[in-house]
Amino acid sequence: MEQRLQRGSGAAFFSGKKFIEVIQRFISFWRSCMVNIKPQPGIMEIDLYEGGASKLEGHDEVVKLSSNENPFGPSPKAVDAYSISGKSLHRYPSTSHGQLRQAISRILDLQPENIICGVGSDEIISLLCQTFSGQGDEVIYTEHGFAMYKISALAAGASPVVVEEKNRTADINNILNKCNENTKLIFIANPNNPTGTMITLKQIQELAMKIPKHTLLVLDGAYAEYVDNYDGGMQLAKNTSNVFMIRTFSKIYGLGGMRVGWGFGSKSIIEALQRVRGPFNLSAPALAVAEAAINDQDYVKRCKEENNATRDWFISSLRKLGLACDNSFTNFVLPRFKNQSQAELCDKYLQSKGFIVRRVDGYNLPESLRITVADRDTCKRLVKLIEEFLMGQK
């Protein structure tokens, strides 16, 4: 055998033992290479985002009140636009989002060149962190703020800094006390998810005036359309270069399944974000549907009126049951139970009846349940179930 190998055309000779040693060294080298493939600092600190559940074992039909979706769905005009757009699925979408930006600017009196569109407001948040923060920088958000602020900061290599709230509401003095030379971004959801609370425009203006000059204040107005006489910080972003506003089509416009959001700010900020944004980030159907939705402001008005009337009745009914519940400026409510155990038991009881609400332990609110405002009849059924549960606790 050895002689035959030696006679080969220049083939190297290895004894069986030597061959095994070479293979073992190769395997060891390969494993060492694999071990050295590591994610960037901060990535493995990210907790996976968990969306609201939509299914329950043992229930063919459920009432989903876990994701703050519009119970009335999208505008019929948006649905028509979706059907029409299906005929051109072989075409690439617009890279500039020009028609949607024009529609937004026309409805809200904004400059189209100061608007950027993204895959939900989540992508705008991510783009802001990628573009304006990195290693050694800090990104501020409040203790019960939207989870994507922390996630996006860590993904960009920045350090997320959490600020205490007061009575589940952002506190500008606490925010200012956390600002320093490393603070690059401050995220405030106003109204906030999952608390439903908000601060005044006067407080926002004061905060914008007092933060460091190198810091960008980002106002997340995902639920701004539900608030009377509130523009989500639009005028402030128009007139102040260190304020940026983000919005979504997922809530009052009923387009959560299409994933469309947008941001508005100074031209210099938009130009920087556009360099990071992917060229075909939004599909043609998403662009067409969002354009039709924002043009149907009569539908938006009706959704707001229905939601706010039912929401206020819902809160009043929960308080009559003995549950603490802050005033909400959104399309959800956040009742507080005696303790975490009671909240968990109520959640399980509602699930047994086919209702899905949202546990918010991850937002440091373990004694609470976040519940989307549905139509009036559904909310009446839910209040009755919660009453049954609480009676059974006595």
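Residues numbered from 1 in each chain as written. Predicted model: local features only at pLDDT ≥ 70, side-chain atom pairs only at ≥ 80, totals over all residues. Heavy atoms only, no water.

Caption draft 1: Up close: the overall build of the chain. If you tally the helices and strands in the chain, you get 14 helices and 14 strands. Considered along the principal axes of its C-alpha atoms, the chain spans approximately 95 × 55 × 55 Å. Out of the 394 residues in the chain, the part that is buried amounts to 50%. Across the chain, contacts joining residues at least 24 apart in sequence account for 73% of those joining residues at least 6 apart. In the structure as shown, the chain presents an accessible area of about 20,100 Å², 50% of it carried by carbon and sulfur atoms. Separation of charge centres in the chain, based on 47 positive and 42 negative side chains, amounts to 4 Å. (Helix = DSSP H or I, 4+ residues; strand = E, 2+ residues; numbered from the N terminus. Buried < 20%, exposed > 50% of the residue type's maximum accessible area, 1.4 Å probe, protein only. Contact = heavy atoms within 4.5 Å. Areas by Shrake-Rupley, 256 points an atom, 1.4 Å probe, with all protein chains shown as cover. Lys, Arg positive; Asp, Glu negative; His and termini not counted. Charge placed at Lys NZ, Arg CZ, Asp CG, Glu CD.)

Caption draft 2: Quick look at the state of the cysteines. Following the criterion strictly, the structure yields zero disulfides and no others. The cysteine Cys379 is free of any disulfide, with Cys325 supplying the nearest cysteine sulfur at 12 Å. (Disulfide = S-S within 2.5 Å.)

Caption draft 3: Expanded view of the packing of helix 4 (residues 98-108) against helix 11 (residues 284-295). For the pair helix 4 and helix 11, the least separation of the axes is 9 Å and the interaxial angle reads 10 degrees. The angle between the axes of helix 4 and helix 11 places the two elements in the roughly parallel class. Judged by the sense of rotation from one axis to the other, the crossing of helix 4 with helix 11 is left-handed. Note on element contacts: helix 11 touches helix 4 through Leu287, Ala290, Glu291, Ile294 and Asn295, opposite Gln99, Leu100, Ala103, Ile104, Arg106 and Ile107. (Axes fitted to C-alpha atoms, helices over the stretch in contact; angles between N-to-C directions. Parallel < 35°, antiparallel > 145°, perpendicular 65-115°, else oblique. Left-handed = near helix turned anticlockwise from the far one by under 90°.)

Caption draft 4: Representation of the confidence of the model for the chain in the model. Residues at a pLDDT of 70 or more form 92% of the chain, whose mean pLDDT is 92. Confidence over residues 1-11 falls short of pLDDT 50; this stretch has four contacts with residues more than four positions distant or in other chains. (pLDDT = per-residue confidence, 0-100.)

Caption draft 5: Structural context of the pattern of salt bridges. Taken as a whole and assessed by the stated rule, the structure comprises 13 salt bridges. With a shortest N-O distance of 3.3 Å, Arg311 and Asp312 are connected by a salt bridge. Among the ionic pairs, Asp361 bridges to Arg359, the shortest N-O distance being 2.7 Å. Bridged by salt links that share partners, the residues Arg168, Asp326 and Arg336 form one connected network. (Salt bridge = Lys/Arg side-chain N within 4 Å of Asp/Glu carboxyl O.)

Caption draft 6: How the structure looks around the sheet that holds strand 14 (residues 369-372). Strand order in the open sheet formed by three strands is 10-14-13, with antiparallel pairing between adjacent strands. The outermost strands of the open sheet, each flanked by one partner alone, are strand 10 (332-333) and strand 13 (358-359). Across two bridges, the pairing between strand 13 and strand 14 is antiparallel. Bridge pairing in strand 14 places Arg359 opposite Leu369. (Pairing = 2+ DSSP bridges.)

Caption draft 7: Structural context of the sheet that holds strand 7 (residues 243-248). A sheet is described by the order of its strands in space; here seven strands give the open sequence 2-8-7-6-5-3-4, paired in mixed fashion. Only two strands of the sheet have a single neighbouring strand rather than two, namely strand 2 (115-118) and strand 4 (159-163). Averaged over all pairs of adjacent strands, the angle between strand axes in this sheet comes to 20 degrees, irrespective of strand direction. In the sheet, strand 2 pairs with strand 8 (residues 261-264) via four bridges, with the strands oriented antiparallel. Within the sheet, the bridge partner assigned to Cys117 lies in strand 8 and is Trp262. Here helix 8 (residues 201-210) sits on the sheet and contacts strand 5 (183-189), strand 6 (216-220) and strand 7; the angle it forms with strand 6, its principal contact strand, is near 160 degrees.

Caption draft 8: Quick look at the nonpolar core. Counting residues in hydrophobic clusters, the biggest one holds 54 residues, and the most contacted among them are Leu217, Phe249 and Trp262. Tallying contributions element by element places helix 11 first for this core, with six residues. Once residues lying within four places of it in the same chain are set aside, the contact partners of Phe249 are Leu100, Ile104, Gly254, Leu255, Gly256, Val260, Trp262, Ala290 and Ile294. Counting 29 residues, the second-largest nonpolar core is a separate cluster that includes Leu185, Phe187, Ala189 and Ile246. (Core = buried A, V, L, I, M, F, W, Y, C linked by side-chain atoms within 4.5 Å.)

Caption draft 9: Looking closely at the packing of aromatic side chains. On inspection of all chains with the given rule, the structure shows six aromatic pairs. Consider the rings of Tyr92 and Phe280, whose centres lie 5.0 Å apart with planes at 45 degrees: the pair is tilted. In this pair, Tyr92 sits in the loop between helix 3 (76-85) and helix 4 while Phe280 sits in the loop between helix 10 (267-276) and helix 11, placing the two residues 188 residues apart along the sequence. Its relative accessible area of 42% is what places Phe280 among the partly exposed residues. Ring geometry for Tyr223 against Phe332: centres 5.3 Å apart, planes inclined by 80 degrees, an arrangement best described as edge-to-face. One end of the pair, Tyr223, is in the loop between strand 6 and helix 9 (234-239); the other, Phe332, is in strand 10, with 109 residues separating them in the sequence. Here Tyr223 matches Phe332 in class, with each residue buried. Members of the aromatic cluster, each reached through a chain of ring pairs, are Phe146, Tyr149 and Phe187. Seen from the ring of Phe332, Arg370 lies directly overhead, with NZ or CZ sitting 5.7 Å from the centre. (Phe/Tyr/Trp six-rings, centres within 6.5 Å; stacked < 30°, edge-to-face > 60°. Lys NZ or Arg CZ within 6 Å of the ring centre and 35° of its normal.)

Caption draft 10: Fine view of the environment of Asn308. Along the chain, the position of Asn308 falls in helix 12 (residues 297-320). On a C-alpha basis, the gap between Asn308 and Lys17 in space is 79 Å, while along the polypeptide they are 291 residues apart. In terms of polar contacts, Asn308 uses its side chain to reach the backbone carbonyl oxygen of Tyr226, at 3.0 Å. Within polar-contact distance, the side chain of Asn308 engages the side chain of Asn307 at 2.9 Å. (Polar contact = N/O pair within 3.5 Å; in protein donor to acceptor, adjacent residues only side chain to side chain.)

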